[in-house]
Amino acid sequence: MILDANQLASIRQHNDEELRRGSRATHGYPARTVQDLLHTVEALKKEKKKWKKLAQDRGKTLKAISELASSQPD
């Protein structure tokens, strides 16, 4: 299942309310488990951004190398 930013924010808000309730929390997944999953999602987003930037930089570098190689006389 893919969640958009609004759904993640809603889950985070609901989970924060569950954490504040403490021992009076409703039945379902433990709030700490949900919190850990939300942290994992955020960490994965950061990793994805990092790898995307790295791939873009790699593409730019390869293009520059290609241009230099093609402009060299044989």
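All figures in this text were calculated on a predicted structure; none of them were measured in a lab.

(A) A look at the overall build of the protein. Along the protein, the regular secondary structure elements total two helices and zero strands. Over its C-alpha atoms the protein spans a radius of gyration of 22 Å, topping by over 25% the 11 Å that the globule rule assigns to 74 residues. Dimensions of the protein along its principal axes, counting C-alpha atoms only, are 80 × 20 × 20 Å. For the protein, the residues scored as buried account for 8% of the 74 residues in total. When the accessible surface of the protein is summed, it comes to about 6,900 Å², and 58% of that surface belongs to carbon and sulfur atoms.

(B) Representation of the side chain of N15 within the structure. Looking at where N15 falls in the secondary structure, it is placed in helix α1 (residues 5-21). A relative accessible area of 5% means that N15 is categorised as buried. In this structure, N15 is in contact with A31, V34 and Q35, ignoring residues within four places of it in sequence.

(C) Representation of the environment of L8 within the structure. Of note, L8 is situated in helix α1. Considered as a pair, L8 and L38 are 30 residues apart in the sequence and their alpha carbons are 7.9 Å apart. Residues contacting L8, with those up to four places away along its chain left out, are L3, L38, V41 and K45.

(D) Examining the pattern of salt bridges more closely. Per the counting criterion, the structure on display carries five salt bridges. Residue E42 is joined to R12 by a salt bridge in which the shortest nitrogen-to-oxygen separation is 3.0 Å. One end of the pair, E42, is in helix α2 (residues 31-71); the other, R12, is in helix α1, and 30 residues separate them in sequence. Judged by its relative accessible area of 28%, R12 is partly exposed. The partner of K53 in a salt bridge is D57, with the nearest N and O atoms 3.2 Å apart. With K53 and D57 both in helix α2 and four residues apart, this pair spans about one turn of that helix. Overall, K53 belongs to the partly exposed group, its relative accessible area being 48%.

(E) Fine view of the side chain of E18. Considering the arrangement of structural elements, one finds E18 in helix α1. In this structure E18 comes out as buried when scored by relative accessible area, which is 8%. At 2.9 Å, the side chain of E18 and the side chain of R21 are in polar contact.

About the thresholds
Residues numbered from 1 in each chain as written. Predicted model: local features only at pLDDT ≥ 70, side-chain atom pairs only at ≥ 80, totals over all residues. Heavy atoms only, no water. Helix = DSSP H or I, 4+ residues; strand = E, 2+ residues; numbered from the N terminus. Rg over C-alpha atoms; globule rule 2.2 N^0.38 Å. Buried < 20%, exposed > 50% of the residue type's maximum accessible area, 1.4 Å probe, protein only. Areas by Shrake-Rupley, 256 points an atom, 1.4 Å probe, with all protein chains shown as cover. Contact = heavy atoms within 4.5 Å. Salt bridge = Lys/Arg side-chain N within 4 Å of Asp/Glu carboxyl O. Polar contact = N/O pair within 3.5 Å; in protein donor to acceptor, adjacent residues only side chain to side chain.

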